[in-house]
Structures are given as structure tokens and as C-alpha cells.
Amino acid sequence: MTEPSNAAAELDYLTFVDYAVDKAYRELPQVDPVAMRLVLTLHRVTSALAYDLESTVHRPNGWSWSGFRVLFVVWLAGAMEAKRIAELSGNSRAAVSALVNTLERDGLVTRTRALHDGRAVEIALTDKGRDAIAGAFEQHNRREQAWANALSKPEQRVLTGLLEKLMHGMDEVARKRRT
């Protein structure tokens, strides 16, 4: 096993991006360093952001980042089937099933048979769940503001627009693949 170079030993989670892009480009000159930097930076920032929100807000409230996303979707969109919660929360169906078990055990959600299909299960917030997610979201939004305040309001709007453009561009790529 080789020892890391002095440069690599000095890196942290976010500064690794510069090192990684430079090293990958030297090893594989055909790599697009701008695209690599964009995706690697985006991934690292979103991972750091999710970790921060989970560790400062959601774990102290008794649930994971994934559990928060389930509660958030049901809070804002209303009672719905687990498969729809999975789509809107970015969780797998299996993860939603496991999360709902825990959230139901904790008295935050209820599970009932859907009227339109006796095989389908509908998930709804309890009063306790509604109070819990509303209180947690106030804390969550204060953390969002702390992160966002590194940028001016105009910069926040530009970045949001660019991220939405990136997201919609991938929607178009996926649509073209299906046709």
C-alpha cells in the first residue's frame, strides 16, 4: 500500500475537488475537467448540506434525513400512497416502507387502506406528526438560510435558476432515451 502524497494528506472533503480534477485530468487528458468539477462540487456540497441538516436538525428530532423527507412530502402534499411518497421524496419504495414502519411506531403517521384499491396503503400525518414536522421545518429552514446566506439574494436566484436548468436538461436527455 502506498502512502498518500503530501498534497493529498493536506486535503479535506471540499478541497479534494481541486486535487481530484487536476489529478484525473493529468491521468486522462480526454476527461472534461469543467464537467467533472461541476458534478463533483455539486455532489460534495449537497452531501455536506444533507449531513449538516440531518445532524443539526433531524437526528435531534428523532429521525433521519430520509425520514424527514417522507414527513415533509406528506405534510405538504397530503395523505398518499407509499409509492407516490417514494417518487416525491427521492426514496425507494422499500425505504419508504421501512421509514413508515418507524414513523408509525412513533405516532407520526397512520397507514390505512386506500379507498380506490384495497391493496394500496395510504399514509397520513397524525396531529403529533403535523406538529413535529412543522416544528422541525422551522429549524430546518433556519439552517437553509444559514447556508443560503453565503450568497446574496440575486446570487441565490441565479444559482437556483442554473440548477433548475441542469435538472430540466437531464429530464430532456431521459425523454430522448425513451423515444
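I will try to describe carefully the structure that is included in this document. (Residues numbered from 1 in each chain as written. Predicted model: local features only at pLDDT ≥ 70, side-chain atom pairs only at ≥ 80, totals over all residues. Heavy atoms only, no water.)

Points about the pairing of strand β3 (residues 121–125)
In step 1: Relative to β3, strand β1 (residues 80–81) is paired through two bridges, and the arrangement is antiparallel. What sits directly across from M80, in β3, is I123. (Pairing = 2+ DSSP bridges. Helix = DSSP H or I, 4+ residues; strand = E, 2+ residues; numbered from the N terminus.)

Here's the deal with the layout of surface pockets
In step 1: Approximately 940 Å³ is the volume found for the largest pocket.
In step 2: Broken down by element, the lining of the largest pocket gets its largest block of residues, eight residues, from helix α3 (residues 33–58).
In step 3: Per-class residue counts for the lining of the largest pocket are 20 nonpolar, six polar and two charged.
In step 4: Here the second largest pocket defines a volume of roughly 220 Å³.
In step 5: Every residue lining the second largest pocket is listed: L42, T160, L163, E164, L166 and M167. (1 Å grid on protein atoms, 1.4 Å probe; cavity = no way out; pocket = protein on both sides within 12 Å on 5 of 7 lines; lining within 4 Å. Points joined across faces, edges and corners; volume = space filled by probe spheres on them. Nonpolar A, V, L, I, M, F, W, Y, C, P; charged D, E, K, R; others polar.)

Remarks on the nonpolar core
In step 1: Counting 20 residues, the largest nonpolar core has L71, I85 and V109 as its most contacted members.
In step 2: Looking at this core, the elements with two or more residues in it are α4 (65–77), α5 (82–89), α6 (93–105), β3 and α7 (127–148).
In step 3: With five residues, α4 is the largest single contributor of residues to this core. (Core = buried A, V, L, I, M, F, W, Y, C linked by side-chain atoms within 4.5 Å. Buried < 20%, exposed > 50% of the residue type's maximum accessible area, 1.4 Å probe, protein only.)

Details of a nonpolar patch on the surface
In step 1: A grouping of L38, V39, L151, L159, L163 and L166 is seen on the molecular surface, where their side chains present a nonpolar patch of about 480 Å² in accessible area.
In step 2: Elements supplying a minimum of two residues to the nonpolar patch: α3 and α8 (153–178).
In step 3: At three residues, the largest contribution of residues to the nonpolar patch is made by α8.
In step 4: Inspection of the secondary structure puts L151 in the loop between α7 and α8.
In step 5: Judged by relative accessible area, which is 33%, L151 ranks as partly exposed. (Patch = residues over 30% accessible without salt bridge, like charges linked within 9 Å, V, L, I, M, F, W, Y side chains within 5 Å. Areas by Shrake-Rupley, 256 points an atom, 1.4 Å probe, with all protein chains shown as cover. Salt bridge = Lys/Arg side-chain N within 4 Å of Asp/Glu carboxyl O.)

Examining the packing of helix α2 (residues 16–27) against α3
In step 1: Relative to each other, α2 and α3 sit at 150 degrees, their axes nearing to 10 Å. In terms of axis orientation, α2 runs roughly antiparallel to α3. With respect to the hand of their crossing, α2 and α3 are arranged in right-handed fashion. Across the interface between the two elements, F16, V17, D18, A20, V21, A24 and Y25 from α2 touch P33, M36, R37, L40, T41 and R44 from α3. (Axes fitted to C-alpha atoms, helices over the stretch in contact; angles between N-to-C directions. Parallel < 35°, antiparallel > 145°, perpendicular 65-115°, else oblique. Left-handed = near helix turned anticlockwise from the far one by under 90°. Contact = heavy atoms within 4.5 Å.)

Some points on the sheet that holds β3
In step 1: Sheet architecture is open: three strands sit in the order β1-β3-β2, paired in antiparallel fashion. Lying at the two open borders of the sheet, with one neighbouring strand each, are β1 and β2 (109–113).
In step 2: The pairing of β2 with β3 spans five bridges and is classified as antiparallel. Note that in β3 the partner of R113 across the bridge is V121.
In step 3: Its contacts with the sheet place α6 against β2 and β3, and it is angled at close to 115 degrees to β2.

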